[in-house]
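These are the residues of each chain, in order.
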Amino acid sequence: MGGCRGNFVTLQSKSKNLCLTMHHPIYPPPIQTSDNQQYVKKKRDSNLELFRIITMLLIIAHHYVVNSDVLSVVRENPSETASGFLMLFGAWGKTGINCFVLITGYFMCKSSISLHKFLKLVTQVLFYNLLIFAVFVAVGLEDFSCRQLLSKILVVKNMDGGFTSGFIMFYLFIPFLTVLVNNLTRRQHLMLVGLVLLTFTVFGSMPPALGMSVSVNYVLHFCNLFIIASYVRLHGFPVAVSHRMWGLGALLSLLAGCAMVLVMLRRFAMAGAPDIPFGPYYWISDSNKILAMSTAFCAFMWFKDLKLGYSRVINALGGATFGVLLIHANSNVMRQWLWNELVDCAGHFTDPLLWAYAPACVIAIFLVCASIELLRARFVEGHILKWSNRAALGIKR
């Protein structure tokens, strides 16, 4: 087994030693020179950073609807124009999750993993868990208890529906997935992608009336997305597709999703609540559903080849998106306070300016949370990393 000093995981393939050093889940890995393999700084193009910002806005919009009392109001008023607007406005959260993980898989399949980077991720999650808990206890929104404190310290809890828990565990699978995809032939890798899509997306999107049921937790789904994105990075798409066609594919998939949402909402309105379940998001309700997958993949391919150049502002905001997620979706108490009390989503259902109010709230929440994350990265992260480095050295000893 080959050595890789200071690394969290070292694995050996038949052809070469793979020394895996993990990088931040949101940032592409640094570029290495071919001569001395030393890390060099390079300004990253802002195309995928812009993609991160857009997808985070979609996730916040999704939370505007599903984490508030809006769904209850829509159930009672399914024929209202506001219901159709809100259902479309909040439809793309799971698609956004797919976009984030596709970016991670695309970059990480040629990268490595270190204990330092893993601790950086975990301490970022832990920082916001404890900070927000302390603030809510101080202002009386939450009661302190040892059980609640322990819950905040345990950064991995719900891997079925909790993005953060699932992502942390998925992160530990990355070095092994990297070895796998780098030792598959192109044909084997493509067959694996096809098998993954058939099993979890095609079968997983079948109507319940057919009696087919496919359960996928976030860890498994993220691993599947890694396999898909890594194929694109290592081998390219199997057939030639122009940049314009990827954009058209994303648009058509988006329109198909919108049509499905409105059709299901209309069906619910005509049948009445007692007769059929409320399911306007069925075709995009889970990340593995076909429209959530197709929209995310086509959009990812379009943004990947977008010639945007470098923007310091876009890259800074793109780098803060994971922090935005950790803040605004931190806990049930945060969701209740943010969406039902501060923003009062349901209370603005009849607002004639709802079409402007909802997007303005989403943008404002993004900017406030991004500012907090940038301040944390500027003034706090360095001190936390010193502690995590000492912890990493202690573990290696």
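Residues numbered from 1 in each chain as written. Predicted model: local features only at pLDDT ≥ 70, side-chain atom pairs only at ≥ 80, totals over all residues. Heavy atoms only, no water.

(A) Representation of the overall build of the protein. In terms of regular secondary structure, the protein is built from 16 helices and 4 strands. Classification of the 397 residues of the protein by burial places 48% in the buried group. A total of about 19700 Å² of accessible surface is found on the protein, and carbon and sulfur atoms cover 63% of it. (Helix = DSSP H or I, 4+ residues; strand = E, 2+ residues; numbered from the N terminus. Buried < 20%, exposed > 50% of the residue type's maximum accessible area, 1.4 Å probe, protein only. Areas by Shrake-Rupley, 256 points an atom, 1.4 Å probe, with all protein chains shown as cover.)

(B) The arrangement of the nonpolar core in detail. With 97 residues, the main nonpolar core has Tyr 64, Phe 163, Phe 170 and Phe 222 as its most contacted residues. Setting aside residues up to four positions removed in sequence, Phe 163 forms contacts with Ile 97, Val 101, Tyr 218, Phe 222, Phe 322 and Leu 325. (Core = buried A, V, L, I, M, F, W, Y, C linked by side-chain atoms within 4.5 Å. Contact = heavy atoms within 4.5 Å.)

(C) Layout of a nonpolar patch on the surface. A surface patch of nonpolar side chains, about 750 Å² in accessible area, is lined by Phe 237, Val 239, Val 241, Met 245, Leu 248, Leu 251, Leu 252, Leu 254 and Leu 255. Relative to the assigned elements, Leu 251 resides in helix H10 (residues 243-271). (Patch = residues over 30% accessible without salt bridge, like charges linked within 9 Å, V, L, I, M, F, W, Y side chains within 5 Å. Salt bridge = Lys/Arg side-chain N within 4 Å of Asp/Glu carboxyl O.)

(D) Representation of the packing of helix H1 (residues 47-66) against helix H12 (residues 312-319). One can describe the packing of H1 onto H12 by two numbers: an axis separation of 8 Å at closest approach and a directional angle of 50 degrees. If you check the angle between H1 and H12, you find them oblique. Crossing of H1 against H12: the hand is left-handed. Note on element contacts: H12 touches H1 through Ile 314, Asn 315, Leu 317, Gly 318 and Gly 319, opposite Glu 49, Leu 50, Arg 52 and Ile 53. Residue classes in the contact of H1 with H12 are distributed as 4 nonpolar, 3 polar and 2 charged. (Axes fitted to C-alpha atoms, helices over the stretch in contact; angles between N-to-C directions. Parallel < 35°, antiparallel > 145°, perpendicular 65-115°, else oblique. Left-handed = near helix turned anticlockwise from the far one by under 90°. Nonpolar A, V, L, I, M, F, W, Y, C, P; charged D, E, K, R; others polar.)

(E) Structural detail: the pattern of salt bridges. Taken as a whole and assessed by the stated rule, the structure comprises 5 salt bridges. The residue Lys 304 makes a salt bridge to Asp 305 at a minimum N-O spacing of 3.0 Å. Given a relative accessible area of 18%, Lys 304 falls into the buried group. Linking Glu 373 and Arg 376 is a salt bridge whose minimum nitrogen-to-oxygen distance equals 2.9 Å. You can see Glu 373 and its partner Arg 376 sitting in helix H15 (residues 354-379), 3 residues apart, about one turn around the helix. On the accessibility criterion, Arg 376 (5% relative accessible area) is buried.

(F) Inspection of the packing of aromatic side chains at higher detail. Tallying each qualifying case throughout the model produces 23 aromatic pairs. Geometrically, the ring pair formed by Tyr 64 and Phe 89 is edge-to-face, given 5.8 Å between the ring centres and 90 degrees between the ring planes. Residue Tyr 64 is located in helix H1, and its partner Phe 89 is located in helix H3 (residues 81-89); the two are separated by 25 residues in the primary sequence. Classification of Tyr 64 by relative accessible area gives buried; the value is 0%. Phe 89 gets classed as buried once you look at its relative accessible area, which sits at 17%. (Phe/Tyr/Trp six-rings, centres within 6.5 Å; stacked < 30°, edge-to-face > 60°.)

(G) Region of the structure containing the environment of Met 293. Among the structural elements, Met 293 can be located in helix H11 (residues 290-304). Judged by relative accessible area, Met 293 falls into the buried class, the value being 10%. For the pair formed by Met 293 and Ser 253, sequence separation is 40 residues and the distance between their alpha carbons is 9.3 Å. Those residues in contact with Met 293 that sit more than four places away from it in its chain are Asn 98, Leu 197, Thr 201, His 221, Leu 225, Ile 228, Ser 287 and Asn 288.

(H) Focus on the packing of helix H5 (residues 115-139) against helix H6 (residues 146-153). In contact at an axis separation of 8 Å, H5 and H6 are set at 150 degrees when each is read in the N-to-C sense. One element, H5, and the other, H6, form an angle in the roughly antiparallel class. Between H5 and H6, the residues in contact are Leu 126, Asn 129, Leu 130 and Phe 133 and Gln 148, Leu 149, Lys 152 and Ile 153, respectively. Taken together, the residues of the contact of H5 with H6 sort by class into 5 nonpolar, 2 polar and 1 charged.

(I) The side chain of Asn 288, seen in detail. Within the secondary structure layout, Asn 288 lies in the loop between H10 and H11. Asn 288 sits in the buried class, given a relative accessible area of 7%. Here Phe 200 takes part through its backbone oxygen, which lies 2.6 Å from a polar atom of the side chain of Asn 288. Leave out the neighbours within four places in its chain, and Asn 288 touches Phe 200, Thr 201, Gly 204, Ser 205, Val 216, His 221 and Met 293. (Polar contact = N/O pair within 3.5 Å; in protein donor to acceptor, adjacent residues only side chain to side chain.)

(J) Summary view of unusual backbone geometry. A positive phi angle, close to 55 degrees, is found at Asp 344, a residue other than glycine. Note that Asp 344 resides in the loop between helix H14 (332-342) and H15.

(K) Layout of the environment of Arg 44. Following the sequence through the fold, Arg 44 ends up in the loop between strand S4 (39-40) and H1. Residue Arg 44 is classed as partly exposed on the basis of its relative accessible area of 28%. Along the chain, Arg 44 and Ser 311 lie 267 residues apart, while their C-alpha atoms are 8.6 Å from each other.

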